[in-house]
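# Results of the structural survey
One letter stands for each residue in the lines below.
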Amino acid sequence: MDASIVLPKTADRKALYEALFPQVEALLNDGSDAIAAMANMAAVLHTAFAWHWTGFYRVVGQELVLGPFQGPVACSRIPYGKGVCGTAWKENKTMIVADVDAFPGHIACSSLSRSEIVIPVRNMGSEVKAVLDIDSEHLNDFDENDGRALERLCKLLSPLV
Ligand code: SME
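Residues numbered from 1 in each chain as written. Predicted model: local features only at pLDDT ≥ 70, side-chain atom pairs only at ≥ 80, totals over all residues. Heavy atoms only, no water.

## Topic: empty space enclosed by the protein
Taken as a whole and judged by the stated rule, the model has one cavity of 30 Å³ or more. What the largest cavity holds in volume is close to 140 Å³. Considering the residues around the largest cavity, the lining is formed by 16 residues, among which I107, C109, E116, D133 and D135 are closest to the centre. Sorting the residues of the lining of the largest cavity by element identifies β1 (53-60), α3 (83-91) and β6 (128-136) as the ones contributing at least two each. Tallying contributions element by element places α3 first for the lining of the largest cavity, with three residues. The residue inventory of the lining of the largest cavity, partitioned by class, reads eight nonpolar, four polar and four charged. (1 Å grid on protein atoms, 1.4 Å probe; cavity = no way out; pocket = protein on both sides within 12 Å on 5 of 7 lines; lining within 4 Å. Points joined across faces, edges and corners; volume = space filled by probe spheres on them. Helix = DSSP H or I, 4+ residues; strand = E, 2+ residues; numbered from the N terminus. Nonpolar A, V, L, I, M, F, W, Y, C, P; charged D, E, K, R; others polar.)

Set out below in structure tokens:
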């Protein structure tokens with residue numbers, strides 16, 4: 001199977017998200033399991049947007065455990081309600097943090113991270129089963145448009161998690 005992704009030659013994020021969505025949908029539509037799907041989604045997003053860190057934490061008991069990711073090594077466990085990831089899980093909502101240094105309790109896995117977005121990955125019963133975490137080396141790098149596009153992508157994982 002040719003699993004390559006075709007990226008438009010544009011820096012326009014909206015255009016990139018629009019081009020990526022059907023390709024990611026097709027990529028995951030292979031009877032894939034959750035880990036394989038998260039691994040490919042992290043690879044696609046990281047390649048397309050060149051963020052600092054792109055990856056998943058999975059809900060395992062009362063903590064988040066590091067899942068498939070692209071980028072530098074990261075903390076392996078995050079307690080419920082801690083950091084940006086644990087807060088997105090607890091509050092069951094997308095977190096957009098313009099300046100990680102201004103977020104109380106932010107967990108710094110890398111000193112290069114300046115802003116962050118975390119999207120809950122819910123199962124078909126709306127329970128949070130994982131989070132997608134993206135770190136940028138630039139301040140204020142994520143907005144509501146990123147939130148909406150990434151939430152749409154994360155919904156593709158719902159039948160698998
Ligand atoms: N900054 C995250 C921890 C995970 S790393 O960014 C990969 C947090 O505060 O939850």
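That covers the picture; the talk isn't over yet.
## Things to note about the side chain of S115
Positionally, S115 belongs in strand β5 (residues 115-122). A relative accessible area of 1% places S115 in the buried class. Once you skip the residues sitting within four places of it in the chain, S115 turns out to touch V97, A98, V100, I134, D135, S136, H138, L139, N140, D141 and F142. (Buried < 20%, exposed > 50% of the residue type's maximum accessible area, 1.4 Å probe, protein only. Contact = heavy atoms within 4.5 Å.)

Read these as spatial facts, not as claims about activity.
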